[in-house]
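Next come the chains, spelled out residue by residue.
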Amino acid sequence: MKKLMLCFVILSMLTLISACKQQSNAKEVELPVKDISKLVINNRNGEVEIAGHSNSEKIEVTALVKANGISMDKLKFSLKERKNIAYLDATFDGQFFAMGSGSVDLNIKIPKHLQLDIHSHRDGNISISDMSSNIEIVNVNGDINVSNSEGPVLIENRDGDMEIRDIASKVTLNNKNGKIQAMNIDGPIDINNRDGNLSLHNIDSDIKIMNLNGHIKVDQIDGSAKIHVGDGSLDINYVSKNVEITQTGNGKVNINNIKGNVTRNKK
């Protein structure tokens, strides 16, 4: 009985200590764009929400910083310009070796003409809307949503779903372990996907898909289609030009309403 009480006391003390170490803090920073052409974001842990504005002349960042068992002194939070590029750093220094964890959720308003580069991001969702220039994302462990963008979109993602819609230019997606939805794309789309379902709808140009382990649904393609089907199935409906299908697995393939020639190869 004494041992049980002692364990209960120790557990309570550890819980109390842990709770005391949990901290949160709000921060804001802004930077006039002047001659800035690109925003580069370094944020390893946290949600990221970015919205472009046509009448904005500055980058505005609102951050919610959360620390659990790690000192707020380890936070690096800055927005600086170097050679016409804005760099936003929102990370905890040395977190890989720390016992605790820290994250920075970002809400960003920027002029829509700026290029976006989000790299080394982990453990958080990313949402981007209303941009008119290039978007590049490298992400692990989080869902990605990009909508209403006029420039090219390039995404490398692992362990998360993607929804890409209303894009006026080329889309390139490399993904592992997550489903992809793409709709209303004016430019060509190139997808390399592993372990996840794909759904493409209303694409006004050519599509190229390399997919392993997942179902592919393709509908309303105003261009050609080149599709590799691994261990999964394919439903394809309405393609205005030629279709080339390569299959290495034994999944079911349904083909309907193709205006061009259809070529199928089984390996």
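Look up a bit, the structure's there.
Notes on the structure follow. (Residues numbered from 1 in each chain as written. Predicted model: local features only at pLDDT ≥ 70, side-chain atom pairs only at ≥ 80, totals over all residues. Heavy atoms only, no water.)

### Regarding the pattern of salt bridges
Side chains that differ in charge, positive against negative, can pair when their charged atoms come close. Taken as a whole and judged by the stated rule, the model has eight salt bridges. Salt-bridge contacts for Asp89 lead to Lys76; the nearest nitrogen and oxygen are separated by 3.9 Å. Of this pair, Asp89 sits in strand 6 (residues 85–92) while Lys76 sits in strand 5 (residues 75–82), placing them 13 residues apart in sequence. Owing to a relative accessible area of 18%, Asp89 belongs among the buried residues under this scheme. Assessed through its relative accessible area of 35%, Lys76 is described here as partly exposed. A single salt-bridge network, built from bridges that share partners, covers Glu163, Arg165 and Asp166. (Salt bridge = Lys/Arg side-chain N within 4 Å of Asp/Glu carboxyl O. Helix = DSSP H or I, 4+ residues; strand = E, 2+ residues; numbered from the N terminus. Buried < 20%, exposed > 50% of the residue type's maximum accessible area, 1.4 Å probe, protein only.)

### Some remarks on the sheet that holds strand 10 (residues 135–140)
Across the sheet, which stays open at both edges, the 12 strands sit in the order 5-6-2-8-10-12-14-16-18-20-22-24 with mixed pairing between neighbours. Single-partner strands in this sheet number two, and they are strand 5 and strand 24 (262–266). Across this sheet, the average inter-strand angle for adjacent strands is 5°, counted without regard to direction. (Pairing = 2+ DSSP bridges. Axes fitted to C-alpha atoms, helices over the stretch in contact; angles between N-to-C directions.)

### Re unusual backbone geometry
Located in the positive-phi region is Asp130, a residue other than glycine, with phi close to 60°. Assignment of secondary structure puts Asp130 in strand 9 (residues 126–131). Phi at Asn202 takes a positive value of approximately 60°, unusual for a residue other than glycine. Here Asn202 falls in the partly exposed class, since its relative accessible area comes to 29%.

### Remarks on the pairing of strand 21 (residues 234–239)
Here strand 19 (residues 216–221) pairs with strand 21 via five bridges, running parallel. Pairing of Ile216 across the sheet is with Leu234, part of strand 21. Alignment of strand 21 against strand 23 (residues 253–258), held across five bridges, turns out to be parallel. Its bridge partner lying in strand 23, Asn237 is registered against Asn256.

### A word on the packing of aromatic side chains
Throughout the structure, instances matching the rule amount to zero aromatic pairs. One residue, Arg82, lies across the ring of Tyr87, its end atom 4.0 Å from the ring centre. (Phe/Tyr/Trp six-rings, centres within 6.5 Å; stacked < 30°, edge-to-face > 60°. Lys NZ or Arg CZ within 6 Å of the ring centre and 35° of its normal.)

### As for the environment of Asp186
Tracing the chain through its elements places Asp186 in the loop between strand 15 (180–185) and strand 16 (189–194). Considering only alpha carbons, one finds Asp186 and Asp206, 20 residues apart in sequence, at a separation of 9.5 Å. Excluding residues within four positions of it along the chain, Asp186 makes contact with Ile167, Ala168, Asp204 and Ser205. (Contact = heavy atoms within 4.5 Å.)

### Let's talk about the sheet that holds strand 7 (residues 101–111)
Strands sit in the order 1-4-7-3-9-11-13-15-17-19-21-23 across an open sheet of 12 strands; the sheet is mixed. One side of each edge strand has no neighbouring strand; the edge strands of this open sheet are strand 1 (22–32) and strand 23. Taken over all neighbouring pairs, the strand axes of this sheet differ in orientation by 5° on average, direction set aside. Here strand 15 runs beside strand 17 (residues 198–203); their pairing, made up of five bridges, is parallel. For Ala182, the partnering residue across the bridge sits in strand 17 and is Leu200.

### Looking at the side chain of Asn193
By the element assignment, Asn193 lies in strand 16. The exposure class assigned to Asn193 is buried, which follows from its relative accessible area of 1%. Within polar-contact distance, the side chain of Asn193 engages the backbone oxygen of Gly196 at 2.9 Å. Once residues within four sequence positions are removed from consideration, Asn193 is found in contact with Asn175, Gly178, Ile180, Leu198, Met210, Asn211 and Leu212. (Polar contact = N/O pair within 3.5 Å; in protein donor to acceptor, adjacent residues only side chain to side chain.)

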